[in-house]
Amino acid sequence: MSHRILVVDDECLIADTLSLILRRSGYECRTAYDGEEALAIAAHFAPHLIITDVIMPKMNGLELLRESRRLPRCPAVLVISGNAEAAVILEREKLPAKHVRFESKPLGPPAMLALIKVMIKNLGV
């Protein structure tokens, strides 16, 4: 079974590069460049995991996290940001740790792939 991952970042080069790395690692991957687009894709793609930046136009990553909880198949969410305030806001969300994770930028490909593997394993899918 191929695990589905949605990568969301308004920096196209980052989003596209991460998506390419994930595809080459055997994941089924889609890319969105803002939170609104991500929700539209997630509605039909049903990702197991969403990887999102925080600072984005239209809908930021924290709003995307909140809205993703309403999807029929609630995905795990990995929030990646250089903004320390994001971690504090996530703490207030009170979501299960195995389903939501915050990591600071930069996060290299080996560390990212290891983290994704653990998050998907924790989902039991």
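Above this text is the structure in question.
I will try to describe carefully the structure that is included in this document. (Residues numbered from 1 in each chain as written. Predicted model: local features only at pLDDT ≥ 70, side-chain atom pairs only at ≥ 80, totals over all residues. Heavy atoms only, no water.)

Brief notes about the overall build of the chain
Item 1. Looking only at helices and strands, one finds five helices and five strands in the chain.
Item 2. Listed by position from the N terminus, the elements making up the chain come as β-α-β-α-β-α-β-α-β-α.
Item 3. For the chain, the proportion of its 125 residues judged to be buried stands at 43%.
Item 4. A sequence separation of at least 24 residues applies to 64% of the contacts in the chain between residues at least 6 apart.
Item 5. Accessible area of the chain: about 6500 Å², with a carbon and sulfur share of 56%. (Helix = DSSP H or I, 4+ residues; strand = E, 2+ residues; numbered from the N terminus. Buried < 20%, exposed > 50% of the residue type's maximum accessible area, 1.4 Å probe, protein only. Contact = heavy atoms within 4.5 Å. Areas by Shrake-Rupley, 256 points an atom, 1.4 Å probe, with all protein chains shown as cover.)

Considering the sheet that holds strand β3 (residues 49-53)
Item 1. If you trace the five strands from one edge of the open sheet to the other, you get β2-β1-β3-β4-β5, paired in parallel fashion. The open sheet has two free edges, formed respectively by β2 (28-32) and β5 (100-104), since each of these has just one partner strand. For this sheet, the mean inter-axis angle between neighbouring strands, taken without regard to orientation, is 15°.
Item 2. In the packing of helix α1 (residues 12-24) onto the sheet, contacts are made with β1 (4-8), β2 and β3, and the angle to β2 comes to roughly 175°.
Item 3. Lying on the sheet, helix α2 (residues 35-45) is in contact with β1 and β2; it crosses β2 at an angle near 150°. (Pairing = 2+ DSSP bridges. Axes fitted to C-alpha atoms, helices over the stretch in contact; angles between N-to-C directions.)

Quick notes on unusual backbone geometry
Item 1. Phi at A46 is positive, roughly 50°, even though this residue is not glycine.
Item 2. When you line up the elements, A46 lands in the loop between α2 and β3.
Item 3. Even without a glycine there, the phi angle at K58 is positive, about 70°.
Item 4. The exposure class assigned to K58 is exposed, which follows from its relative accessible area of 62%.

Section: the nonpolar core
Item 1. Ranked by size, the top nonpolar core spans 19 residues in total, and within it L6, V8, A32, A38, I50 and L64 carry the most contacts.
Item 2. Counting only elements with at least two residues in this core, the list comes to β1, α2, α3 (61-68) and β4 (76-81).
Item 3. Here this core takes five residues from α2, the largest share from any one element.
Item 4. When residues no more than four places from it in sequence are discounted, the contact partners of L6 are R30, T31, A32, A38, I41, A42, F45, P47, L49, I50 and I51.
Item 5. Counting 17 residues, the second-largest nonpolar core is a separate cluster that includes L49, L78, M112 and I120. (Core = buried A, V, L, I, M, F, W, Y, C linked by side-chain atoms within 4.5 Å.)

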